[in-house]
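Close look at the chain arrangement
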Amino acid sequence: MRRLAMSERTTGGDAAASAVVESDAVIVGAGPGGSATAAHLARRGLHVTLLEKAVFPRDKICGDGLTPRAVKQLIRLGIDVSEEAGWKHTRGLRIHGGKIPSFVMPWPDLAEYPGFGMVCRRSVLDQFLAEHAASQGAELITGANVTEPVIDGRTDRIAGVRTKDGRVFRAPVVVAADGVSSRLATWMGLQRREDRPMGVAVRTYFRSPRSDDDYLDSWLELWDGRPHESDLLPGYGWAFPEGDGTVNVGLGMLDSSDAFHKTDYRALMTRWLRHTPPEWGFTEENQEGPIRGAALPMAFNRQPAYHRGLFLVGDSGGMVNPFNGEGIDYAMEAGELAADAIAEAHYRGAGSRSAERALESYPGALRASFGGYYRLGTIFVKLIGDPRIMRLCTTYGLPRKSLMRVVNKLLANLTDSRGGDAVDRVINALTRMAPSA
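Reference entry: report on the structure contained in this document. Just so we're clear, the structure is a prediction, and the values are computed from it rather than from any experiment. (Residues numbered from 1 in each chain as written. Predicted model: local features only at pLDDT ≥ 70, side-chain atom pairs only at ≥ 80, totals over all residues. Heavy atoms only, no water.)

As for the environment of Asp 152
Here Asp 152 shows up in the loop between strand E11 (146-151) and strand E12 (158-163). Between the alpha carbons of Asp 152 and Pro 172 there is a distance of 9.9 Å; along the sequence they are 20 residues apart. At a separation of 2.8 Å, a polar atom in the side chain of Asp 152 contacts the main-chain amide nitrogen of Arg 154. Within the local environment of Asp 152, its side chain forms a polar contact with the backbone nitrogen of Thr 155, the two atoms lying 3.3 Å apart. (Helix = DSSP H or I, 4+ residues; strand = E, 2+ residues; numbered from the N terminus. Polar contact = N/O pair within 3.5 Å; in protein donor to acceptor, adjacent residues only side chain to side chain.)

Some remarks on the sheet that holds strand E9 (residues 117-119)
Read from one edge of the open sheet, 3 strands run E5-E9-E6, paired in antiparallel fashion. The open sheet has two free edges, formed respectively by strand E5 (65-66) and strand E6 (88-90), since each of these has just one partner strand. As judged from the 3 bridges shared by E6 and E9, these two strands associate in the antiparallel manner. Bridge assignment links Lys 88 to a residue of E9, and that residue is Val 119. (Pairing = 2+ DSSP bridges.)

Re the sheet that holds strand E20 (residues 246-254)
In spatial order, the strands read E8-E7-E16-E19-E20-E15-E21; together these 7 strands make up an open sheet with mixed pairing. The sheet is open, and its two edges are formed by strand E8 (103-106) and strand E21 (287-297), each paired on a single side. Ignoring strand direction, the axes of neighbouring strands in this sheet form an average angle of 20 degrees. Pairing of strand E7 (residues 92-96) with strand E16 (residues 215-219) involves 5 bridges; the strand directions are parallel. Bridge assignment links Ile 95 to a residue of E16, and that residue is Ser 218. Its contacts with the sheet place helix H5 (residues 265-273) against strand E15 (198-207), E16, strand E19 (235-241), E20 and E21, and it is angled at close to 125 degrees to E20. (Axes fitted to C-alpha atoms, helices over the stretch in contact; angles between N-to-C directions. Contact = heavy atoms within 4.5 Å.)

Some points on the nonpolar core
Buried together is how nonpolar side chains tend to be arranged in soluble globular proteins. Core analysis: the largest hydrophobic core is formed by 88 residues, its most contacted members being Leu 41, Phe 311, Ile 342, Tyr 362, Leu 366 and Tyr 374. The element contributing the most residues to this core is helix H6 (residues 328-349), with 11 residues. Setting aside its immediate chain neighbours within four residues, Leu 41 contacts Ala 25, Ile 27, Leu 46, Val 48, Ala 339, Ile 342 and Ala 343. (Core = buried A, V, L, I, M, F, W, Y, C linked by side-chain atoms within 4.5 Å. Buried < 20%, exposed > 50% of the residue type's maximum accessible area, 1.4 Å probe, protein only.)

Quick look at the pattern of salt bridges
Tallying each qualifying case throughout the model produces 31 salt bridges. Notably, a salt bridge pairs Arg 192 with Glu 194, separated by 3.1 Å at the nearest N-O pair. Since its relative accessible area comes to 32%, Arg 192 is described here as partly exposed. On the accessibility criterion, Glu 194 (64% relative accessible area) is exposed. (Salt bridge = Lys/Arg side-chain N within 4 Å of Asp/Glu carboxyl O.)

Thoughts on helix H9 (residues 387-397)
Met 390, Thr 394 and Gly 397 are the residues of H9 that are buried. Along the axis of H9, the buried positions cluster into a sector of 100 degrees, meaning they face one direction only. Counted as exposed and oriented over 90 degrees from the buried face of H9: Arg 388 and Tyr 396. The inward-facing, buried residues of H9 abut strand E18 (232-233), E19, helix H8 (362-384) and helix H10 (401-412). (Arc of directions from axis to C-beta.)

A short note on a nonpolar patch on the surface
Together, Val 426, Leu 430 and Met 433 line one region of the surface with nonpolar side chains, adding up to about 300 Å² of accessible area. Here Val 426 is to be found in helix H11 (residues 422-433). (Patch = residues over 30% accessible without salt bridge, like charges linked within 9 Å, V, L, I, M, F, W, Y side chains within 5 Å. Areas by Shrake-Rupley, 256 points an atom, 1.4 Å probe, with all protein chains shown as cover.)

Some words on the packing of aromatic side chains
By the definition in use, this model includes 17 aromatic pairs. Where Trp 280 meets Phe 282, the ring centres are 5.8 Å apart and the plane angle is 75 degrees; that geometry is what we call edge-to-face. An identical accessibility class is assigned to Trp 280 and Phe 282; each is buried. Put simply, the rings of Phe 300, Phe 323, Tyr 330, Phe 370, Tyr 373, Tyr 374 and Phe 380 pair up and form one aromatic cluster. We note Arg 121 situated over the ring of Tyr 205; from NZ or CZ to the ring centre the distance is 3.7 Å. (Phe/Tyr/Trp six-rings, centres within 6.5 Å; stacked < 30°, edge-to-face > 60°. Lys NZ or Arg CZ within 6 Å of the ring centre and 35° of its normal.)

Here we look at the packing of H10 against H11
Packing of H10 against H11 brings their axes to within 10 Å, and their N-to-C directions diverge by 45 degrees. The pairing of H10 with H11 is recorded here as oblique in orientation. Crossing of H10 over H11 shows right-handed handedness. Facing Val 406, Lys 409 and Leu 410 of H10, the residues of H11 in contact are Val 423, Asp 424 and Ile 427. A per-class count over the contact of H10 with H11 returns 4 nonpolar, no polar and 2 charged. (Parallel < 35°, antiparallel > 145°, perpendicular 65-115°, else oblique. Left-handed = near helix turned anticlockwise from the far one by under 90°. Nonpolar A, V, L, I, M, F, W, Y, C, P; charged D, E, K, R; others polar.)

Some points on the pairing of strand E3 (residues 25-28)
Residues Ala 25 and Ile 27 point to one face of E3 and Val 26 and Val 28 to the other, with burial holding for every one of them. The handedness of the E3 to strand E4 (residues 48-52) crossover, carried by helix H1 (residues 32-43), is right-handed. (Right-handed = clockwise from strand over helix to strand, strands pointing away.)

Quick word on the environment of Val 146
Tracing the backbone shows Val 146 in strand E11. Sequence separation of Val 146 and Arg 167 is 21 residues, and the distance between their C-alpha atoms is 9.1 Å. Not counting chain neighbours up to four residues away, the residues in contact with Val 146 comprise Val 28, Leu 51, Val 161, Arg 162, Thr 163, Arg 183 and Trp 187.

Examining unusual backbone geometry
Backbone torsion omega between Phe 56 and Pro 57 reads 0 degrees, so that peptide bond is classified as cis. One can find Pro 57 in the loop between E4 and E5. In this model, Gln 303 is joined to Pro 304 through a cis peptide bond whose omega is 0 degrees. As for its position among the elements, Pro 304 is in the loop between E21 and strand E22 (306-307). For Asn 413, which is not a glycine, the phi torsion comes out positive at approximately 55 degrees. Residue placement: Asn 413 occurs in the loop between H10 and H11. By relative accessible area, which is 8% here, Asn 413 ends up buried.

See below:
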């Protein structure tokens, strides 16, 4: 339970004579991954401190789209995801590309996932999830800018964190859910792996009559100018209807191309927007806010996910899907897996060897859940980095609807693990055979 002490051992300087807040787990970052971890731990009976450096509402660069995989995680958190509760539902994807008319791909009909996705602004979603974690019993503290870890001098393990205003929060385990740069992971010596793919995404909002559409628009070709008359880049474009009169419009690009470090992404997006349907209204006079960008860390690009008492969840551990740039659902899934390990360790007795074995199970659980899938994704990223292969895929693949149904399931990672159809069995077999990323 929550306790107060009067001294602590820190990474540097003299021990301060100040109040120390103690709990069973400290989580740094109240994005979807951090808040999901906090909620799952609180529901398991642990006292959790959830620290967020900003004050809600705060914005995050994101497409705002939630696939059925992400919706399932909200359901597992005990959240009412119905339209009656105010959520904007989507029925699937509208695919643009090649030289054929656009077509729709409904979300797969599966036993393990709902048949709908959702769209919600991150400024709304993140606050909702953080407040949900608080409603489950987590102690949410905003405006808490973590500046350094607290290290136990006897064990050389992380034992808490210190914030900019001098507060100290101690716990047997700390969860870094602090984003792609993850200062906390870096302080603990965990650096980004250069052999894993990275992406970049830029987006803005437009007032548009498309806001109430039931489908997510996805461009599988990203042209550096006029379609079919300019360079084809390894990336994609999107337009996701928010249901509030606006549409989230953006593009993502992968580092598997030589153009990755040479591209002005905001200028690229401006050129790309000129070729979207004019009746959709993606014009300067309808734009709300600037074009903003963020990095997409993929395929476990920072490891190990557990190290000396520190857990990595979400972008801090590079858990973005290489196939489609999606990160929200994997952050929430990782949060539940982290909560499983932390709660198991807590009830075995913090500090015992048995407890440590439970904590050490977390990386293996991540690998079992999507390590093989991520490995396939890294191969996919390398392949589409060659514009010749990308052109072959869009020219000959898009017109074949049966093939696109396979691609739809693969890119969104939506299959039934048991009792599925032939496509599910093939994709599941491939992910089991692939070595973990």
